[in-house]
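Close look at the chain arrangement
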Amino acid sequence: MLILIDDADLTKIEELYAKYPYDGVTTNPTILSKTGNPDPMDQLKKIRKVIPEDAMLHAQVLSVETDDMVREAKHMVSVLGENTYVKIPAVGNGLKAISILAKEGINVTATAIYGVMPAFMAAKAGAKFLAPYVNRLDNLGYDGVQIAKDIHTIVKAAGYEAEVLGASFKNSQQVLEMGKFGIGSVTVNPDTLSTLAFNGVAENAVKDFICDFEKCCGQGKTMLDFE
Ligand code: E4P
């Protein structure tokens with residue numbers, strides 16, 4: 001399962017990458033606005049520089065008319081280069097824009113997915129990723145995890161190339177449910193990523209191992225000190 005970082009803060013991205021080789025970064029206009037950088041393209045270029053060349057960078061268009069979305073998407077790819085995934089909302093004119101861009105070989109992530117049908121249509125239109133908003137769906141009284149699973153099932157049954165990119169998570173359990181169901185990718189905010197992969201109990205267990213070893217074998221010793 002691909003795991004991406006859902007944030008645009010350079011320090012957080014670098015800290016997370018220092019601990020683990022993630023598969024890329026996803027942003028949206030709100031996430032970019034939180035960095036305080038009034039030049040979003042500058043922020044995206046900076047993110048591009050701190051992540052590996054082959055990592056994906058997902059960024060969203062703001063236009064609402066089909067032609068404008070297409071123009072904006074092409075501009076973003078021309079500035080940000082390879083491995084850019086343009087996020088197009090699967091609402092309004094988005095589906096038409098997705099089909100035009102996909103035919104021209106541009107990587108598209110269909111975003112703002114609040115139901116199975118828009119996701120299915122986006123997959124049919126040629127989107128590479130489909131981003132259902134799991135926690136936002138839960139907050140609306142729906143079962144976000146189940147909707148993500150249903151999208152995965154229907155898209156695989158139809159034989160489309162698209163993968164679900166589970167998004168909008170507020171806890172590790174929601175993320176793990178994606179994995180259990182074989183969903184191909186998730187994008188997770190730094191706080192949830194930290195609780196998912198790093199926990200104090202495990203770190204304390206390792207500290208105890210070192211402490212016991214040092215009591216017997218000497219301060220600061222590792223296996224390197226023994227033949
Ligand atoms: C990803 O495509 C979404 O922009 C993101 O995961 C939304 O997360 P939020 O519901 O925490 O804003």
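Both strand β6 (residues 129-132) and strand β7 (residues 163-166) contribute to a ladder of two bridges, which runs parallel. Its bridge partner lying in β7, L130 is registered against V164. Where β7 lies against strand β8 (residues 185-188), two bridges are found, and the strand directions are parallel. Its bridge partner being in β8, G166 is matched across the sheet by V186. For the handedness criterion, the β-α-β arrangement of β7, helix α9 (residues 172-180) and β8 is classed as right-handed.

Counting 54 residues, the largest nonpolar core has I88 and L130 as its most contacted members. If you look at the next biggest cluster of nonpolar residues, it comprises five residues, including L4, M56, Y85 and F129.

Below, the discussion takes up the environment of I154. Its place among the elements puts I154 in helix α8 (residues 144-158). In the structure, I154 is positioned 103 residues away from I51 in sequence and 33 Å away in space, judged by C-alpha atoms. In contact with I154, other than residues within four places in its own chain, are V116 and F120.

The subject of this paragraph is α9. Taken as a whole, α9 has its buried residues at S172, Q174, V175, E177 and M178. Of the surrounding secondary structure, the elements contacted by the buried residues of α9 are α7 (134-139), α8, β7, β8 and α10 (190-197). The N-terminus of α9 is capped by N171, whose side-chain oxygen sits 3.1 Å from the backbone nitrogen of Q173. Trailing α9 by a residue or two, G182 shows a phi angle of about 80°, which is positive.

Take the packing of helix α6 (residues 116-125) against α8 next. Each pair of packed helices can be summarised by the angle the axes make with each other and by the distance between the axes. The contact between α6 and α8 brings their axes to 9 Å, and the two run at 35°. In this structure, α6 crosses over α8, and the sense of that crossing is right-handed. Here V116, A119, F120 and A123 of α6 come into contact with α8, specifically with I147, D150, I151, I154, V155 and A158. In terms of residue class, the contact of α6 with α8 is made up of nine nonpolar, no polar and one charged.

As a measure of interface size, the accessible area lost when the parts come together is often cited. Taken domain by domain, the chain holds domain 1 (2-196) and domain 2 (197-227). Computed from C-alpha coordinates alone, the two centres of domain 1 and domain 2 are separated by 40 Å.

Counting through the fold element by element, T111 comes out in strand β5 (residues 108-113). Judged by relative accessible area, which is 0%, T111 ranks as buried. There is a polar contact of 3.0 Å between the side chain of T111 and the side chain of Y133. Among residues more than four places away in sequence, those in contact with T111 are Q60, K87, I88, P89, A90, A131 and Y133.

Let us now look at the pattern of salt bridges. Note on pairing: side chains with opposite charge can pair once their charged atoms come close. The full count for this structure, using the stated rule, is seven salt bridges. R71 serves as the salt-bridge partner of D68, at 3.3 Å between the closest nitrogen and oxygen. Of this pair, D68 and R71 both sit in helix α4 (residues 66-80), separated by three residues, roughly a single helical turn. R71 gets classed as exposed once you look at its relative accessible area, which sits at 60%. Linking K74 and E104 is a salt bridge whose minimum nitrogen-to-oxygen distance equals 2.8 Å. Of this pair, K74 sits in helix α4 while E104 is found in the loop between α5 (94-103) and β5, placing the two residues 30 residues apart along the sequence.

Rules behind the numbers
Residues numbered from 1 in each chain as written. Predicted model: local features only at pLDDT ≥ 70, side-chain atom pairs only at ≥ 80, totals over all residues. Heavy atoms only, no water. Pairing = 2+ DSSP bridges. Helix = DSSP H or I, 4+ residues; strand = E, 2+ residues; numbered from the N terminus. Right-handed = clockwise from strand over helix to strand, strands pointing away. Core = buried A, V, L, I, M, F, W, Y, C linked by side-chain atoms within 4.5 Å. Buried < 20%, exposed > 50% of the residue type's maximum accessible area, 1.4 Å probe, protein only. Contact = heavy atoms within 4.5 Å. Polar contact = N/O pair within 3.5 Å; in protein donor to acceptor, adjacent residues only side chain to side chain. Axes fitted to C-alpha atoms, helices over the stretch in contact; angles between N-to-C directions. Left-handed = near helix turned anticlockwise from the far one by under 90°. Nonpolar A, V, L, I, M, F, W, Y, C, P; charged D, E, K, R; others polar. Domains from an automatic or database assignment. Salt bridge = Lys/Arg side-chain N within 4 Å of Asp/Glu carboxyl O.

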